[in-house]
Amino acid sequence: MPELATAVRELTFGEAIKEAIAEEMRRDPRVVLMGEDVAEAGTTFKVLVGLVDEFGKERIIDTPISEAGFTGLGVGAAMAGMRPIVDIMFGDFLMIIMDQVANQAAKIHYMSGGKWKVPLVIRATMGATRRSAAQHSQSLHAWPSHIPGLKVVVPSTPYDAKGLFKAAVREDNPVVIFEHKISYRKVKGHVPDEDYIIPLGVADVKREGTDITLIALSSMVQVALGAAKMLEEVGISAEVVDPRTTWPLDEKTLVESVKKTSRCIVIDEGYFRYGITGELASLIQEQAFFDLDGPVRRLGAMHVPIPFSPSLEDVTVPSERQVFDLARQMCNK
Amino acid sequence: MSTAATKSPSKIPTDKLLRLYKQMVAIRLFEERVNDLYTRALMPGLAHLYIGEEAIAVGVCEALRTDDYITSTHRGHGHCLAKGASPDLMFAELLGKEAGYCKGKGGSMHIADPATGNLGANAIVGGSAGIATGAAYASKYLKQDRVAVCFFGEGALGQGLLYEELNLAQLWKLPVIFVCENNGYNEYTHFSESTAGDVSARADAFGMANETADGQNVREVFAVASKYIERARKGEGPAFLQFKTYRYHGHHVGDIARAYYRPKAEEQEWVTQRDPITLHGQWLMDNGVADRAVLDKVQADLIAEMDAAVEFAVNSPYPDPSKVDQDIYA
Ligand SMILES: Cc1ncc(C[n+]2csc(CCOP(=O)(O)OP(=O)(O)O)c2C)c(N)n1
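Residues numbered from 1 in each chain as written. Chains lettered and ligands numbered in written order. Predicted model: local features only at pLDDT ≥ 70, side-chain atom pairs only at ≥ 80, totals over all residues. Heavy atoms only, no water.

Participant: Even after reading the chapter, I still don't get the overall build of chain B, so can you show me in this structure?
Facilitator: In terms of regular secondary structure, chain B is built from eleven helices and eight strands. For 330 residues, the compact-globule estimate of 2.2 N^0.38 gives 20 Å, and chain B sits close to it at 19 Å. Once the C-alpha set of chain B is aligned to its principal axes, its extents read approximately 55 × 50 × 45 Å. Here chain B holds 330 residues, and the buried ones make up 58% of them. Looking at chain B alone, contacts between residues at least 24 apart form 72% of all its contacts between residues at least 6 apart. (Helix = DSSP H or I, 4+ residues; strand = E, 2+ residues; numbered from the N terminus. Rg over C-alpha atoms; globule rule 2.2 N^0.38 Å. Buried < 20%, exposed > 50% of the residue type's maximum accessible area, 1.4 Å probe, protein only. Contact = heavy atoms within 4.5 Å.)

Participant: Even after reading the chapter, I still don't get the domain arrangement of chain A, so can you show me in this structure?
Facilitator: It is common to give the size of an interface as the accessible area lost on bringing the parts into contact. Residue and element names in this part refer to chain A. According to the domain assignment, chain A consists of domain 1 (10–190) and domain 2 (204–330). Each of domain 1 and domain 2 has a C-alpha centre, and the two are 26 Å apart. Counting from both sides, the interface comprises 27 residues of domain 1 and, opposite them, 26 residues of domain 2. Interface of domain 1 and domain 2: buried area, both sides summed, is about 2,100 Å²; carbon and sulfur atoms make up 57% of it. Contact with domain 2 buries surface across domain 1, with Arg 131, Val 154 and Ser 156 losing the most and accounting together for 26% of the total. For the interface between domain 1 and domain 2, the tally reads four salt bridges. Measuring nitrogen to oxygen at the nearest pair gives 2.8 Å for the salt bridge that ties Arg 131 to Glu 313. If you look at where domain 1 meets domain 2, you find 16 residue pairs in polar contact (both at pLDDT 80 or more). If you list the elements that add at least two residues to the side of domain 1 that touches domain 2, you get helix H5 (142–145), strand S6 (151–153) and helix H6 (158–170). It is S6 that contributes the most residues to the side of domain 1 that touches domain 2, three residues altogether. (Domains from an automatic or database assignment. Buried area = accessible area lost by both parts, 1.4 Å probe. Salt bridge = Lys/Arg side-chain N within 4 Å of Asp/Glu carboxyl O. Polar contact = N/O pair within 3.5 Å; in protein donor to acceptor, adjacent residues only side chain to side chain.)

Participant: Just checking my understanding: could you explain the packing of aromatic side chains for this structure?
Facilitator: Remark: the centre distance and the inter-plane angle together describe each pair of aromatic rings, the angle taken between the planes. Under the defined criterion, the tally for this structure stands at 15 aromatic pairs over all chains. Between A:Phe13 and A:Tyr184 the ring centres are 6.3 Å apart and the planes differ by 45°, which places this aromatic pair in the tilted class. Within this pair, whereas A:Phe13 is found in helix H1 (residues 13–27), its partner A:Tyr184 is found in helix H7 (residues 183–186), the two being separated by 171 residues in sequence. Taking the relative accessible area as the measure of exposure, A:Phe13 reaches 0% and is therefore buried. What makes A:Tyr184 buried here is its relative accessible area of 4%. In textbook terms, an aromatic cluster arises when at least three aromatic residues are bridged by ring pairs, as seen for B:Tyr185, B:Tyr188, B:Tyr246, B:Tyr260, B:Tyr261 and B:Trp270. Lying over the aromatic face of B:Tyr318, B:Lys97 brings its terminal NZ or CZ to 4.8 Å of the ring centre. (Phe/Tyr/Trp six-rings, centres within 6.5 Å; stacked < 30°, edge-to-face > 60°. Lys NZ or Arg CZ within 6 Å of the ring centre and 35° of its normal.)

Participant: Looking at this model, I keep getting lost on the interface of chain B and chain A. Mind explaining?
Facilitator: Contact with chain B, which involves 38 residues of that partner, is made by 47 residues of chain A. Where chain B meets chain A, there are zero salt bridges. Scanning the region where chain B abuts chain A turns up 15 residue pairs in polar contact (both at pLDDT 80 or more). Among the secondary structure elements, those contributing two or more residues to the side of chain B that touches chain A are strand S2 (118–121), helix H5 (129–141) and helix H6 (160–171) of chain B. Counting residues per element, the side of chain B that touches chain A draws most heavily on H5(B), which supplies eight residues. Class assignment for the residues of the side of chain B that touches chain A results in 22 nonpolar, ten polar and six charged. (Nonpolar A, V, L, I, M, F, W, Y, C, P; charged D, E, K, R; others polar.)

Participant: Hey, could you run me through the side chain of B:His77 in this one?
Facilitator: As for its position among the elements, B:His77 is in helix H3 (residues 77–82). Residues in contact with B:His77, not counting those within four places in the same chain, are B:Phe30, B:Glu31, B:Val34, B:His48, B:Met90, B:Leu94 and B:Ser108.

Participant: What is the right way to read unusual backbone geometry from this model?
Facilitator: Note: most residues except glycine have negative phi, and most peptide bonds are trans. All names here are of chain A. Cis peptide bonds are those with omega within 30 degrees of zero, and the linkage from Trp 247 to Pro 248 qualifies with 0°. If you trace the backbone, Pro 248 turns up in the loop between strand S12 (245–247) and helix H9 (251–261). Phi at Ala 133 is positive, roughly 70°, even though this residue is not glycine. By the secondary structure assignment, Ala 133 is in the loop between strand S5 (121–126) and H5. Note on Ala 133: relative accessible area 23%, which makes it partly exposed.

Participant: Help me understand the site of the ligand in this model?
Facilitator: All names here are of chain B. Inspection of the region around the ligand gives 15 residues, with His 74, Arg 75, Ala 123, Gly 155 and Asn 183 positioned closest. Interatomic distance of 2.8 Å between a backbone N/O atom of Gly 155 and an oxygen atom of the ligand. A distance of 2.9 Å is found between an oxygen atom of the ligand and a backbone nitrogen or oxygen belonging to Tyr 185. If the ligand stood free it would expose 580 Å²; the protein chains cover 73% of that surface. In terms of residue class, the shell around the ligand is built from five nonpolar, seven polar and three charged. (Near = heavy atom within 4 Å. Areas by Shrake-Rupley, 256 points an atom, 1.4 Å probe, with all protein chains shown as cover.)

Participant: In this structure, what is going on with the pairing of S5(A)? I would like to understand it.
Facilitator: Residue and element names in this part refer to chain A. Of all the six residues making up S5, six are buried; the element is thus mostly covered by neighbouring parts of the structure. The side-chain alternation of S5 yields two buried faces, one formed by Val 121, Arg 123 and Thr 125 and the other by Ile 122, Ala 124 and Met 126. Two elements, strand S4 (residues 83–87) and S5, share three bridges in a ladder whose sense is parallel. Pairing of Asp 87 across the sheet is with Arg 123, part of S5. With helix H4 (residues 94–111) bridging S4 and its parallel neighbour S5, the resulting β-α-β unit is right-handed. By the bridge criterion, six bridges tie S5 to strand S7 (residues 175–180) in an arrangement that is parallel. If you follow Ala 124 over to S7, its bridge partner there is Phe 178. (Pairing = 2+ DSSP bridges. Right-handed = clockwise from strand over helix to strand, strands pointing away.)

Participant: Would you take a moment to explain the confidence of the model for chain B for this structure?
Facilitator: In regions of low pLDDT, the predicted coordinates are not meant to be interpreted in detail. Residues at a pLDDT of 70 or more form 98% of chain B, whose mean pLDDT is 96. Note that residues 1–5 of chain B has pLDDT below 50 and, in this model, one contact with residues that lie over four places away or in other chains. (pLDDT = per-residue confidence, 0-100.)

Participant: Mind showing me how you'd approach the environment of A:Ile284 here?
Facilitator: Residues and elements named next belong to chain A. Relative to the helices and strands, Ile 284 resides in helix H10 (residues 276–288). Once the C-alpha coordinates of Ile 284 and Ala 227 are considered, the two residues, 57 residues apart in sequence, prove to be 21 Å apart. Those residues in contact with Ile 284, other than ones at most four positions away along the chain, are Ile 215, Leu 254, Val 255, Val 258, Cys 264, Phe 289, Leu 292 and Val 296.

Participant: Where do I start with the sheet that holds strand S3 (residues 60–62) of chain A in this structure?
Facilitator: Hydrogen bonds between backbone groups are what pair the strands of a sheet, and the pairing can be parallel or antiparallel. Residues and elements named next belong to chain A. The strand order across the open sheet formed by seven strands is S3-S2-S4-S5-S7-S6-S12, and the pairing between neighbours is mixed. A strand with exactly one partner marks an edge of an open sheet, and here the two such strands are S3 and S12. On average, each strand axis in the sheet is inclined to that of its neighbour by 20°, with strand direction left out of account. Lying over the sheet, H1 contacts strand S2 (31–35), S3, S4, S5 and S7, oriented at roughly 130° with respect to S2. (Axes fitted to C-alpha atoms, helices over the stretch in contact; angles between N-to-C directions.)

In C-alpha cells:
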C-alpha cells in the first residue's frame, strides 16, 4: 500500500459495512436493502442508522416480520433486474429462509441451464457471548457453505468487511454474508477513503510466521492474532491466515502456508462437529500431508446449544488461551 | 376489422377466441405425448400432467404480455406452453437433452425461459410465491408495467410462505396475481381434508381483491384474468384468483389405481361434462365462430407440430457429462 499523506482513517466493523452499502447504493440505483427495522431504526444492531435519510424508505425498506417472505421476494426481484440486499437480522433465522436460499436462490441458475441469474445479497449475523441464548447466538455459516450455487462471506476486519461486501453486491450470484455481531463496535481498523473491492475467494495472511499456521475465520481471527502474540513471547512464530470466504475457497493460500509451517490449527466459531473446521482440516491433510509434522487440529464452538448464563456461554467459544495451549503443545515448546 | 362477418359473439375478439382453443389443444396434445414418452420409459423422473386444467393456463397467459412474468409448479407444462415456450425445446428438456430449455439440468419440473418471462417452474409446493412477488416488486420499482402471475395448486394453501407473500403484495400494492388452480386434490388427498375454512376468505383477510371462477370455461378465465391483470398493470394492486378445475390423470403418470382417493364416477363426470376443450369447441361452433372443419384443422396442424417436436427431442443428444459442473455460478 502506498504511503498515506493523510492520517489513517479508522472505522468500526459496523461503520465499514454501512459505508459499503451506502457506496454501492449510490453507485447503482438497482440496489435496495430490505429487512425488519432497517430504516429509521437502522437495524436492531443500529449498524445502518442514517442510511434511510440519504436513500429514503423506497430503498431502505422496512418489511413485515416475514424472513422467508422477503427473502423469496428478493430472489424474484434479483431475477427481474434488481440487486437487492435482504437483512435477516440474526443468522439463527437462516433456518426460516432456508428453502428460499438453498432450494430457490442457489439452484435457479443451474436449473435454468444458466439462463436466470440471482444477484442477491443476504445479510446475516453470527457470534456468541452476547448472552442471547441458544436461538440468537449461533454461527451457521457452514450451512450455506454446504450448498452449491451460494457464495459465503465471513469477514473479520473493517477493511475486509467493506471490500467483500461491495464485491458481494456486484456479484451475479446469491451471496450470504455473515457479520460478526460483537465485531460491529469492538473491532476497529483502517479503511481507506477510495473505492476498493476485495474479490471473493482470496484468503489473507493476517500475520506472517514460520512455526505454525492458525487458519481462522471471522471473530476467530482476532482470537488467533491474540494467541499469536502470546506464542511469540514463548518463541513460537505463528502465521494467521483468514480465508475470508468459505466459498469460493482460496485453497492454495491455506495449503501453502501449512506447507511452510508444517503445523496447523483451524479455528472457527461455528459448531465443531460436521462444520467448517472439519472441512478445512481435511483439505490440509489431503494437500499438505507430507509436509505436516502431526495431525491438523481444530477448535470450534462446543457441540451444545449455546447457553444463556455467562459462565456457561463463555466456555463454548474457542479462546486465545486454548489456541495458545494447543499450539504450544503441537510445537513442543 | 369490425365487419359483420367477423364480429365476435362475445367481448373477446374472434381471433382470440380461436387462439384460446388452439392453445388448449396444444397443451392437451403435448401432455398426451408426455404420457406416451413416459410410459415408453423415454422420460426420466416424474410427469405431472396438466390434462383437464388447460383453460386456466391458457385463459390467464393469453391475458398477459410476453414480457410479463409467470412462475409455475410441478404441474407446469401447460403454463410454460401457454406463456409461449416451444414444444420442441420443452420435450428436449423433459427428456434430459442438451437442446432443452435448461440444457437438461432442470427437467419437467423446472422449465424456465427468460424470453417468455417464465421465471421457472418450481418443485417446492408454494415455493415460487416469493419469486413472483419479487418480480412484481422489481417491475414496480423499475417503473415497468409488467405483471407477474404466480400459479399454484390448492395444496400450496398449506404453506406459510404464501401468506407472507399475500401480505407483502397487498401491503406494497405489487402487480402480482396469485392464481390458485383448485383441482380438488393435494396428491392423493381431497383438499377438504387438508384445508380449513374458505379459500377466498384467505385473500379477504389481507384485503386483497379476489374472485373465484370456473376453471373449465376458458372465456371466463380469460375475462377474469384480464380484468385483474389490467388492474394490477395500472398500479391498483394484486389479486387472488381461484379457478375450480380437475386433473383427469393421476397425480403423476404412475398414479393409476386412484379409486381409494377419488371415485371413478367423479372423474367421468368432469371428463365427459366439463372438458374445457370440448366445451369451448362447442361454443365456437354454436356461435358461428368456427365450424368442425376449422377446429379439426387446428388439431391436425398441432399434431404435426407436436410429433415433429417429439421427434426432435428423441433424436437430440444428451448433454456431455463434462457439462455437469457448468452453470453453477453466473
Ligand atoms: C413443500 C413441499 N411439500 C411436499 C411436496 C410433495 N408434493 C408434490 S406435489 C404435492 C401436491 C400438491 O398439490 P397441489 O398444490 O394441489 O397441486 P396439484 O398437484 O394438485 O396440481 C405434494 C405434496 C413438495 N413438492 N413440496
